[in-house]
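# Close look at the chain arrangement
Each chain, letter by letter, is given below.
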Amino acid sequence: QVQLVESGGGLVQAGGSLRLSCAASGRIFSINVMGWYRQAPGKQRELVATMSRDGNTNYSDSVKGRFTISRDNAKNTVTLQMNSLKPEDTAVYYCNADRIAVTPFRTFNDLWGQGTQVTVSS
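Description of the structure in this document. If you're wondering where the values come from, they're calculated on a predicted model, not measured in any experiment. (Residues numbered from 1 in each chain as written. Predicted model: local features only at pLDDT ≥ 70, side-chain atom pairs only at ≥ 80, totals over all residues. Heavy atoms only, no water.)

Strand order in the open sheet formed by four strands is S1-S3-S8-S7, with antiparallel pairing between adjacent strands. At either margin of the open sheet sits one strand with a lone partner, and together these are strand S1 (3-7) and strand S7 (67-72). The sheet shows a mean angle of 15° between the axes of neighbouring strands, direction not considered. The pairing of strand S3 (residues 18-25) with strand S8 (residues 77-82) spans six bridges and is antiparallel. (Pairing = 2+ DSSP bridges. Helix = DSSP H or I, 4+ residues; strand = E, 2+ residues; numbered from the N terminus. Axes fitted to C-alpha atoms, helices over the stretch in contact; angles between N-to-C directions.)

Regular strands show a simple pattern: their side chains alternate between the two faces of the sheet. Here strand S5 (residues 46-52) lies mainly inside the structure; five of its seven residues are buried. Summarising the sheet, strand S4 (residues 30-39) and S5 pair through six bridges and their orientation is antiparallel. Across the sheet, Arg38 pairs through a bridge with Glu46, a residue of S5. Here S5 runs beside strand S6 (residues 57-59); their pairing, made up of three bridges, is antiparallel. Bridge pairing in S6 links Thr50 to Asn58. (Buried < 20%, exposed > 50% of the residue type's maximum accessible area, 1.4 Å probe, protein only.)

Following the criterion strictly, the structure yields four salt bridges and no others. For Asp61, the salt bridge goes to Lys64, with nearest N and O atoms at 3.1 Å. (Salt bridge = Lys/Arg side-chain N within 4 Å of Asp/Glu carboxyl O.)

Our next topic: the packing of aromatic side chains. Going through the model one piece at a time under the given rule, you end up with one aromatic pair. Considering the side-chain rings of Tyr37 and Trp112, the 5.1 Å spacing of their centres and the 70° angle between planes classify their relative orientation as edge-to-face. One end of the pair, Tyr37, is in strand S4; the other, Trp112, is in strand S11 (residues 111-112), and 75 residues separate them in sequence. By relative accessible area, Trp112 is classed as partly exposed at 33%. In this structure, Arg45 packs its charged tip against the face of Tyr94, placed 3.7 Å from the ring centre. (Phe/Tyr/Trp six-rings, centres within 6.5 Å; stacked < 30°, edge-to-face > 60°. Lys NZ or Arg CZ within 6 Å of the ring centre and 35° of its normal.)

Don't take any of this as a statement about function, it's just geometry.
Structure, rendered in structure tokens:
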């Protein structure tokens, strides 16, 4: 089965930068959309950014201008470059993949990684 593995989380001071990476492993033909979501304690999981295979992006208003999403379709990886981090960015960040095709005729929906902790201190 296909799995998503995140890396790059950690502790950083406000105003600093961090880069998160996610790699999809297993037998994969293609992935339609890859992206990042986050969940802070006591809050609902929310969209951070997504990117479709053809390059279309979608960002949460709270991260526009600070975060940049990119992906490598050939390697089935997605990266989130986070700059000008704020304490309110503190959360567990989850990688997501939607419409994963393991063959041209068989697909899976909404696969999630285990999450990586991002903590921004003031």
